[in-house]
Amino acid sequence: MDKVKIGIIGIGNMGTQHYYSINDGRCPELVVAAVADISEERRAWAKETMPDSVAVFATADELMESGLVDAVIVAVPHYSHPELAMKAMRHGLHVMVEKPAGVYTKQVREMNEVAAESNVVFGMMFNQRTNHIYRKMREIIQSGKYGNIRRTNWMITDWYRSQAYYNSGGWRATWSGEGGGVLLNQCPHQLDLWQWICGMPKKVSCHMQFGKWHDIEVEDDVTAYVEYENGATGVFITTTGDAFGTNRFEVQMDGAKLVAENNQLRVWEFNTPEPEFTRTNTVPFGNPGATELSFETDGQNPQHVGVLNAFAAAILRGEPLVARGEEGINGLTLSNAMHLSQWLGRPVELPLDEDQYYAELAKRVKTSRRKDNVTSTFADVDGTY
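Here we summarise the structure given alongside this text. (Residues numbered from 1 in each chain as written. Predicted model: local features only at pLDDT ≥ 70, side-chain atom pairs only at ≥ 80, totals over all residues. Heavy atoms only, no water.)

**Details of the overall build of the protein**
Now for step 1: Along the protein, the regular secondary structure elements total 13 helices and 15 strands.
Now for step 2: The dimensions of the protein, computed from C-alpha atoms along their principal axes, are 75 × 50 × 40 Å.
Now for step 3: Within the protein, the proportion of its 385 residues that are buried is 55%.
Now for step 4: When the accessible surface of the protein is split by element, carbon and sulfur atoms take 46% of a total near 16,700 Å².
Now for step 5: In the protein, which carries 36 positive and 49 negative side-chain charges, the distance between the mean positions of the two groups comes to 3 Å. (Helix = DSSP H or I, 4+ residues; strand = E, 2+ residues; numbered from the N terminus. Buried < 20%, exposed > 50% of the residue type's maximum accessible area, 1.4 Å probe, protein only. Areas by Shrake-Rupley, 256 points an atom, 1.4 Å probe, with all protein chains shown as cover. Lys, Arg positive; Asp, Glu negative; His and termini not counted. Charge placed at Lys NZ, Arg CZ, Asp CG, Glu CD.)

**A short note on the pattern of salt bridges**
Now for step 1: What the rule picks out here adds up to 22 salt bridges.
Now for step 2: Measuring nitrogen to oxygen at the nearest pair gives 3.1 Å for the salt bridge that ties D254 to R150. Pair noted here: D254 is in the loop between strand 11 (247–253) and strand 12 (256–261) and R150 is in strand 7 (residues 149–156), with a separation of 104 residues, a long-range link.
Now for step 3: Here E217 makes a salt bridge to R369, at a shortest N to O gap of 3.8 Å. You can see E217 sitting in the loop between strand 8 (203–210) and strand 9 (219–227) and its partner R369 sitting in the segment after helix 13 (354–366), a full 152 residues away along the chain.
Now for step 4: Owing to a relative accessible area of 51%, R369 belongs among the exposed residues under this scheme.
Now for step 5: Here the residues in one salt-bridge network are E29, R317 and E319, joined through shared partners. (Salt bridge = Lys/Arg side-chain N within 4 Å of Asp/Glu carboxyl O.)

**Observations regarding helix 11 (residues 303–317)**
Now for step 1: The end-to-end C-alpha distance of helix 11 is 21 Å, a good match for the 21 Å that 15 residues give at a rise of 1.5 Å each.
Now for step 2: With twelve of 15 residues buried, helix 11 lies mostly within the body of the structure.
Now for step 3: When we look at burial in helix 11, the residues that qualify are Q303, H304, V305, G306, V307, L308, A310, F311, A312, A313, A314 and I315.
Now for step 4: Buried residues in helix 11 make contact with strand 1 (4–9), helix 1 (13–23), strand 2 (30–36), strand 4 (71–74), strand 5 (94–97) and strand 6 (122–124). (Expected span 1.5 Å × (residues − 1). Contact = heavy atoms within 4.5 Å.)

**Quick word on the side chain of T239**
Now for step 1: Mapped onto the fold, T239 is located in strand 10 (residues 233–239).
Now for step 2: For T239, the side chain forms a polar contact with the main-chain nitrogen of G241, separated by 2.9 Å.
Now for step 3: Apart from the residues within four sequence positions on either side, T239 is in contact with I156, T157, W159, V182, W213, D220 and D221. (Polar contact = N/O pair within 3.5 Å; in protein donor to acceptor, adjacent residues only side chain to side chain.)

**Looking at unusual backbone geometry**
Glycine aside, negative phi is the norm for most residues, and most peptide bonds take the trans geometry.
Now for step 1: Of note, the bond from K99 into P100 is cis; its omega dihedral lies within 30 degrees of zero at -10°.
Now for step 2: Assignment of secondary structure puts P100 in the loop between strand 5 and helix 5 (105–117).
Now for step 3: For the bond from L350 to P351, the omega torsion is 5°, close enough to zero to count as cis.
Now for step 4: Summarising the element assignment, P351 is placed in the loop between strand 15 (348–349) and helix 13.

**Looking at the side chain of H189**
Now for step 1: Position of H189 among the secondary structure elements: in helix 9 (residues 188–198).
Now for step 2: A relative accessible area of 10% means that H189 is categorised as buried.
Now for step 3: When near neighbours in sequence (up to four residues on either side) are disregarded, H189 contacts K99, M125, F126, N127 and Q128.

**Thoughts on the sheet that holds strand 8**
Now for step 1: An order of 14-13-12-11-7-10-9-8-15 is seen for the nine strands of this open sheet, with the pairing classed as mixed. In this open sheet, the two strands that pair with only one neighbour each are strand 14 (290–293) and strand 15.
Now for step 2: Pairing geometry for strand 9 and strand 10, over seven bridges, is antiparallel. When the bridges of strand 10 are listed, E227 appears paired with T233.
Now for step 3: The strands touched by helix 9 are strand 7, strand 9, strand 10 and strand 11; relative to strand 7, the strand with the most contacts, the crossing angle is about 165°.
Now for step 4: Contacts between helix 12 (residues 328–344) and the sheet are confined to strand 8, strand 9, strand 10 and strand 15, with strand 8 contributing the most and set at about 70° to the helix. (Pairing = 2+ DSSP bridges. Axes fitted to C-alpha atoms, helices over the stretch in contact; angles between N-to-C directions.)

Following this line, the structure appears as structure tokens:
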């Protein structure tokens, strides 16, 4: 096999983007063999736009059972990600799942268990991991050169959305249709990068507001505080209500400060590591001094195309993925913990009580504005892919 035959499940915004990336030749080891969408309008578009060699199906099941594909990309509303991924795995198909991994970790853990029993390649579409800025940041921190992390701060408020965005789909920004707001829709990449670069915390405390800036039922303003095992702390702030917002990720370490902002990574190396300086300094208002360093990166930021090309290479030659599918549970755990902390009005310890989170989410799904096609497991929530 010199090319992987791909089926795209869901040809809405992201599914269509993946189709064009492959069809335009940017993923030379992939070929689109089939697509599926529950929307008659999207299927009609596919038949008019795509070559005759691409089969068009009304359901994911039909695509999986066709025998036409080696792998699938799951690009549907959030609740259905684990359900469809597990079906594909049981059909012996390799799977790439769009972010987030799912809505609640209880279901995502089941997906990971099925993946462990399946002899398939399982990837997650964490395309921000291909960004050379974040890759270099992770490399520097995990090298241990600058000692321990002391504080992490990520202010990611440049997700501005007007009411028109939320009005564009009945499933958007509802507990039953989307499962959350800015944390589930806009921020899965940053939550993944936060833990990928800095590690998972042990405690999460959160203040969030639901429909503060928009006529929606889910969160659109979030401030979370976390504590790490080594005593470090962190803050994560996000919203879809700030016009001209900020994206600044700062990590304070024993021996350096790192800041990712405006597509740049700036690193200040302390002349003396802070723990040593504070023990030995005799000047009341002294500071350790610092030198700003320049770090070379490869400059590459291939995004979705990079993830797809690595997926093909993993299937064909066993090369590494950009993000293993099993890792999707980590950022989702942070998101679930933030919601649970707000709902319970107290800090939440990790590992997360997944049954408690599921029960609290179920209460909100039950009273959600969008009540159609919702089952007791939330797995069959429908929507325009």
